[in-house]
Amino acid sequence: MGELTIGVLGSYGGRNLGDEAILTGLLTDLRSQEPNARIVVFSRNPDHTRTHHPDVEAVPWEGVSRVDSAAVLDRLDLLILGGGGILYDREARRYLRVVRVAQERGLPLLTYAVGVGPLTEAVDCGMVRETLTGATEVTVRDEESRVVLEEAGLLTPITVTADPAFLLEPEEFPARLLREEGVPDGKRLVGMSVREPGRAAERLDVDAYHRLLAQVGDFLVHRIDADVVFVPMERDDIRHAHGVLSHMTAAERGRILHGDYSPPQVLGLMRHFDLAVGMRLHFLIFAAMADTPFLPLPYAGKVFDLAQRLGVPALKGVAREVEGPLLAEVDRLWDERDTRSEAVAQRVAELCEQARGTSRVTRAVLDGLRSRNRARVSA
């Protein structure tokens, strides 16, 4: 019997370390279940995907005609949509255009710990409801995504699991790499993650939030004598890190990383930090996995959801008026870092187990496909 050919469609292609972390976790999971499967990744930058994952085939999907999409989809036994936050207004319709062509050809669909929302536009709601109604299994990465799908009118059963990044294993991040980035030895280090407002935080006043994070940076320099290390999760984060640094009175104690690091390396990097403060979801996931005390700055529901699931305090939003409470929360985090550690580690273990729940759902779908193929071959 021929091996299965599995397609994976998501926001892949190197623009964002979080998305690459998701792809790495997802592919590791698929390989453990189907070592000989042919895996085709629909990528925004196929060259990047092939370079970083040499054991997959990478094909473009943006701007590709229905005919060309169909030619690739006809070779597949299964299409996996996800993971990551891809089903939201104006973006969902682009991914689901490919899904629709797949479903017209009778191809089974599985959503893999996908993130959903905000979803208010009629076109996107309709396409999400229509395509996911026909899915073999629907798994989402958080409770908020399940609620958004139910509000969009999806009646199909939805399984809440966790982000595939929780399946990653860390790679060592040698101290020499930090030295090469200009980070001094022997200092306390605070990791910080900032990002552009983006569609998830369009109402964010950029200058005000740069000033707010600069206050946090200065506070930590003076409170615990730390250097602040900005960790860009995508290229545009560098610009925003410079924006924060420009408002810090202790700017000489800040460093922005410029190296091109893999998700497992960034997970390993987290172990060098005494504390982490940040906006990017996967930066916070990595901090939690590395047992580094962290404070989320929720700019979107997915970050708030993570904070709730890990039982860590999170202030609603990153507006200027939260400066006092935010600094008080940072202060408390430092004082209580050891006592909080055990509780967070327990919650992280639970989320890692929930991430494996996506794997169990996927395994059942793959077992069904193999049985069907065997029956077809023996008929």
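Whatever comes next refers back to the structure up there.
Residues numbered from 1 in each chain as written. Predicted model: local features only at pLDDT ≥ 70, side-chain atom pairs only at ≥ 80, totals over all residues. Heavy atoms only, no water.

Topic: the environment of glutamate 180
Consideration 1: Along the polypeptide, glutamate 180 turns up in helix H7 (residues 175–180).
Consideration 2: For glutamate 180, a relative accessible area of 59% gives the class exposed.
Consideration 3: Residues glutamate 180 and leucine 212, 32 residues apart in the sequence, show an inter-C-alpha distance of 29 Å. (Helix = DSSP H or I, 4+ residues; strand = E, 2+ residues; numbered from the N terminus. Buried < 20%, exposed > 50% of the residue type's maximum accessible area, 1.4 Å probe, protein only.)

With respect to unusual backbone geometry
Backbone geometry follows two general trends: most residues other than glycine have a negative phi, and most peptide bonds adopt the trans configuration.
Consideration 1: Following glycine 82, the chain continues into glycine 83 via a peptide bond in cis, with omega recorded as 0°.
Consideration 2: Relative to the elements of secondary structure, glycine 83 occurs in strand E4 (residues 78–87).
Consideration 3: In the segment running from glycine 117 into proline 118, the intervening peptide bond is cis, with an omega of 0°.
Consideration 4: Mapped onto the secondary structure, proline 118 falls in the loop between strand E5 (109–116) and helix H5 (122–133).
Consideration 5: A positive phi angle, near 45°, is found at alanine 113, a position not held by glycine.
Consideration 6: Structurally, alanine 113 is set in strand E5.
Consideration 7: Not every positive phi belongs to a glycine, and aspartate 291 is a case in point at roughly 60°.

Digging into the environment of histidine 52
Consideration 1: By the secondary structure assignment, histidine 52 is in helix H2 (residues 46–52).
Consideration 2: Taking the relative accessible area as the measure of exposure, histidine 52 reaches 41% and is therefore partly exposed.
Consideration 3: C-alpha of histidine 52 to C-alpha of threonine 24: the two residues are 28 residues apart in sequence and 9.3 Å apart in space.
Consideration 4: Only 2.9 Å separates the side chain of histidine 52 from the backbone oxygen of histidine 48, close enough to count as a polar contact. (Polar contact = N/O pair within 3.5 Å; in protein donor to acceptor, adjacent residues only side chain to side chain.)

No statement about biological role is implied by the geometric values presented.
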